[in-house]
Amino acid sequence: MATFLSTMIDRAKADKKTIVLPEGNDERILEAAEKALEQGLANIVIVGKPEEVAEKGFNLDGATIIDNTKGDLRKEMAEAFYELRKSKGVTPEEAEAQMDDVMYFGTMLLKTGHADGLVGGACHATKDVLHPALRIIKTAPGSKLVSSFFVMEVPNCEFGDAGTFMFSDCAVCIQPNAEDLSEIAVATAKSYQKLLGAEARVAMLSHSSYGSVKDDDTQKVVEALALAKQKAPEFAIDGELQADAALVPSVAASKAPDSPVAGKANVLVFPDLDAANIGYKLVQRLAKAEAYGPITQGLGAPMNDLSRGCSAEDVLGVIAITAVQAQEA
Ligand SMILES: CC(C)(COP(=O)(O)OP(=O)(O)OC[C@H]1O[C@@H](n2cnc3c(N)ncnc32)[C@H](O)[C@@H]1OP(=O)(O)O)[C@@H](O)C(=O)NCCC(=O)NCCS
Ligand SMILES: CC(=O)OP(=O)(O)O
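Residues numbered from 1 in each chain as written. Chains lettered and ligands numbered in written order. Predicted model: local features only at pLDDT ≥ 70, side-chain atom pairs only at ≥ 80, totals over all residues. Heavy atoms only, no water.

Draft legend 1. Molecular detail of the site of ligand 2. Lining the immediate surroundings of ligand 2 are Thr126, Phe150, Asn277, Tyr280, Lys281, Pro294, Ser307 and Arg308. Between ligand 2 and the protein, one listed contact pairs an oxygen atom with a side-chain N or O atom of lysine 281 at 2.9 Å. Relative to its unbound accessible area of 260 Å², ligand 2 is 87% covered by the protein chains. In terms of residue count, helix 12 (residues 273-286) provides more of the shell around ligand 2 than any other element does, three residues in total. Considering only residue class, the shell around ligand 2 consists of three nonpolar, three polar and two charged. (Near = heavy atom within 4 Å. Polar contact = N/O pair within 3.5 Å; in protein donor to acceptor, adjacent residues only side chain to side chain. Areas by Shrake-Rupley, 256 points an atom, 1.4 Å probe, with all protein chains shown as cover. Helix = DSSP H or I, 4+ residues; strand = E, 2+ residues; numbered from the N terminus. Nonpolar A, V, L, I, M, F, W, Y, C, P; charged D, E, K, R; others polar.)

As structure tokens, this is what we get:
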């Protein structure tokens, strides 16, 4: 049976894109690069010192390895970064020094067209990937908010689409207000349909189902639901729902009867970053689920993060997803 990963790899191969991997010092990144090259799913650019990358012993034939610490490209990226950020008070010297940071250098390679997408975060915290993304790539036209999702593949699971889900926002927006949460819900519904080619059924999660608890937190979700429905009436979005009501048909029948989503949700929108980040890691570790992401949405170019707990297989999945996003950019 085709898995999410095999589908993404096949789609990536159909129109090969160039993906930059700024963390050439990380073995999981190099192992994933080796696999990506072997399978022909993307052209690979690695940021790192060529001799140090070679020492790790991976077969990276065909990859371009770029040293950010010297050479013409460093100068070119520093100058382009200065032009972008001088209005924010950045000096030419600061721009040059900023290129020591592989994440900024890699983001500049993406910005200037040396790559179509970027994957990083195996050894950088999420904020260190998101800062250059927000400062250099910025939001896509028509998008106000950058957020993220994980594709979760839960083994032996009858819920969602045979165990496949998107969880959002597990990485970017710390304390989204109702307006932000509505943007996250609509963006993730669109991402689900685009990436997985199936109808999204979006549950706005809470500790309440259909008014069973009324407090400031549940009312934020109620407000977000109303805004999301107004913005995108074409999507099946419902709430507020507890996780059991969202997933389990028998619980849905008692807690949220007649809901178009309860008991069959495949997109879970969590009320804040605490709930979302904790929730995805619990499912990943306790249910032994595959967790691909965090994949950003709303950015002007495909640039995706990884968990520092990722495996080489997770990195390969995110490279494939990023290449597919680049085909659509
Ligand atoms: C995403 C994050 C890094 C942004 O932090 P920040 O300090 O607001 O970012 P910056 O100041 O660099 O913002 C740069 C610009 O992006 C904008 N911005 C920030 N977050 C944004 C978002 N989610 N969507 C769109 N724009 C955003 C800022 O308003 C700013 O705009 P300006 O240059 O016009 O003033 C921060 O929200 C964060 O740390 N999130 C949690 C990450 C995390 O730790 N996750 C847990 C583990 S996965
Ligand atoms: C997404 C995420 O939680 O990243 P990390 O594990 O690197 O903090």
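Draft legend 2. Quick peek at the confidence of the model for the protein chain. When the pLDDT values of the protein chain are averaged, the result is 96; 100% of them are 70 or greater. Confidence estimates for the predicted assembly give a pTM of 0.94 and an ipTM of 0.96. (pLDDT = per-residue confidence, 0-100.)

Draft legend 3. The site of ligand 1, seen in detail. If you check the shell around ligand 1, you find 18 residues, and the closest are His131, Arg135, Val146, Ala171 and Val172. Taking arginine 135, its side chain carries an N or O atom lying 2.9 Å from an oxygen atom of ligand 1. The contact in question runs from a nitrogen atom of ligand 1 to an N or O atom on the backbone of alanine 171, over 2.9 Å. Those elements giving two or more residues to the shell around ligand 1 turn out to be helix 7 (126-137) and helix 12. Top contributing element to the shell around ligand 1 by residue count: helix 7, with six residues. The residue makeup of the shell around ligand 1, split by class, is 10 nonpolar, four polar and four charged.

Draft legend 4. The UniProt feature "domain: Phosphate acetyl/butaryl transferase" (unreviewed entry) in the protein chain, seen in detail. With numbering aligned to this structure, UniProt lists the feature "domain: Phosphate acetyl/butaryl transferase" (unreviewed entry) at residues 4-323. Between the first and last C-alpha atoms of residues 4-323 the distance is 14 Å; the span itself is 46% helix and 17% strand. (UniProt positions renumbered as here; feature names shortened; annotations may be inferred.)

Draft legend 5. Seen up close, the environment of aspartate 217. Within the fold, aspartate 217 resides in helix 9 (residues 216-231). Residue class for aspartate 217 comes out exposed when judged on its relative accessible area of 52%. In sequence terms aspartate 217 and aspartate 272 are 55 residues apart; their C-alpha atoms lie 9.8 Å from each other. (Buried < 20%, exposed > 50% of the residue type's maximum accessible area, 1.4 Å probe, protein only.)

Draft legend 6. Seen up close, the nonpolar core. In this structure, Leu21, Leu41, Ile44, Ile46, Leu195, Met204 and Ile319 are the most contacted members of the largest nonpolar core, which totals 60 residues. What leucine 195 contacts, discounting residues up to four positions off in sequence, is Phe4, Met8, Arg11, Phe149, Val151, Met166, Ile321 and Val324. Ranked by size, the runner-up nonpolar core spans 27 residues in total, among them Val20, Met103, Met108 and Met303. (Core = buried A, V, L, I, M, F, W, Y, C linked by side-chain atoms within 4.5 Å. Contact = heavy atoms within 4.5 Å.)

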